[in-house]
Amino acid sequence: MSDRETGGIPGSDEDLSLPKATVAKMIAELLPRDVSCAKETRDLVIECCVEFIHLISSEANEICEKESKKTIAPEHIISALKHLGFESFTEEVQDVLKDHKQQQKDREKKVSKLEQSGLTEEELLKQQEELFAASRARFQSAQQ
């Protein structure tokens, strides 16, 4: 629920959750095939995950405020993990962050076909109209 939906007042912790189907799929992928997970167990895992996220984000927010920043950065999350005793998580988090940044760079490098063509939009539109006209003429000649 966004702040707009609640009139700017953050919702209670009861409103926070993770998609049950996604969590169930993740649990199923991690467990051996002959082991199942009860609904109550899945719900408990979700509650634990939400609490963990809340704990880390609260700590990161405090670190952010101490630095007089208004936006929580990835470095704040990593510092929060260390402060809360989850230092063993930081290497994997940094690897994921590195991969994410690389994906963002790769996405930015991709050039649209419009930009790649070197033609103006009007020139491309003219080419499209010519192709349609040629196609229409072939279709009509095949009909006769």
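Named according to an unreviewed UniProt entry, the chain is Transcription factor CBF/NF-Y/archaeal histone domain-containing protein originating from Rhodonia placenta. Looking at the chain in UniProt, the text filed under Subcellular location (unreviewed entry) is "Nucleus".

A. Looking closely at the overall build of the chain. The number of helices and strands found in the chain is 6 helices and 0 strands. Counting helices and strands in the order they occur from the N terminus, the chain gives α-α-α-α-α-α. In the chain, which comprises 144 residues, the proportion classed as buried is 12%. In the chain, the share of contacts with a sequence separation of at least 24, taken over all contacts with a separation of at least 6, comes to 32%. Looking at the chain as shown, the accessible area adds up to about 12,400 Å², and 53% of this sits on carbon and sulfur atoms.

B. Fine view of the packing of aromatic side chains. Overall, the coordinates contain 3 aromatic pairs when judged by the stated rule. Where Phe-86 meets Phe-89, the ring centres are 5.5 Å apart and the plane angle is 50°; that geometry is what we call tilted. Given the relative accessible area of 23%, Phe-86 is considered partly exposed. One aromatic cluster in this structure is built from Phe-52, Phe-86 and Phe-89.

C. Layout of a negative patch on the surface. A contiguous patch of negative charge on the surface is contributed by Glu-91, Glu-92, Asp-95 and Asp-99. Locating Glu-91 in the fold gives a position in helix H4 (residues 87-109).

D. Representation of helix H3 (residues 74-83) within the structure. Those residues of H3 lying buried are His-76, Ile-78, Ala-80 and Leu-81. After H3 finishes, the residue Gly-85 shows a positive phi value of roughly 90°.

E. Local environment of the confidence of the model for the chain. Per-residue pLDDT for the chain has a mean of 87; in total, 85% of the residues score no lower than 70. Taken together, the stretch residues 1-9 has pLDDT below 50 and engages in 4 contacts with residues farther than four places along the chain or on a different chain.

F. Summary view of the pattern of salt bridges. Applying the stated criterion across every chain, the model contains 2 salt bridges. In this structure, Lys-39 engages Asp-43 in a salt bridge whose closest nitrogen and oxygen atoms are separated by 3.5 Å. With Lys-39 and Asp-43 both in helix H2 (residues 39-66) and 4 residues apart, this pair spans about one turn of that helix. As a salt-bridge pair, Arg-42 and Asp-43 come within 3.0 Å of each other at their nearest N and O atoms.

Rules behind the numbers
Throughout, residues of each chain are indexed from 1 in the direction in which the sequence is written. Reporting in this predicted model follows two pLDDT cut-offs: at least 70 for local features of residues, and 80 or more for side-chain atom pairs to be given and counted; totals over whole chains, interfaces and linings ignore these cut-offs and use all residues. Side-chain calculation: all heavy atoms of the structure are included, whereas hydrogens and water are not. UniProt positions are given in the numbering used here, feature names are shortened, and annotations may be inferred rather than shown by experiment. In this description a helix means any DSSP run of H or I spanning at least four residues, a strand means any run of E spanning at least two, and both kinds are numbered starting from the N terminus. The buried label goes to any residue with under 20% of its type's maximum accessible area, the exposed label to any with over 50%, and the partly exposed label to all in between, with areas taken from a 1.4 Å probe on protein chains only. Whether two residues touch is decided by their heavy atoms; if any such pair falls within 4.5 Å, the residues are in contact. Using a 1.4 Å probe, accessible areas were evaluated by the Shrake-Rupley method; residue-level cover was limited to the displayed protein chains. Under the pairing criterion, centres of Phe, Tyr and Trp rings, with the six-membered ring standing for Trp, must be within 6.5 Å; the plane angle then separates stacked pairs below 30 degrees from edge-to-face pairs above 60, leaving the rest tilted. Exposure above 30% relative accessible area and the absence of a salt bridge qualify a residue for a patch, where like charges join within 9 Å and nonpolar side chains (Val, Leu, Ile, Met, Phe, Trp, Tyr) within 5 Å. Salt bridges are defined as contacts in which a side-chain nitrogen from Lys or Arg sits within 4 Å of a carboxyl oxygen from Asp or Glu. Two residue types count as positive, namely Lys and Arg, and two as negative, namely Asp and Glu; His and chain ends fall outside the count. One atom stands in for each charge, and that atom is NZ of Lys, CZ of Arg, CG of Asp or CD of Glu. A residue's pLDDT is the confidence the predictor assigns to it, expressed on a 0 to 100 scale.

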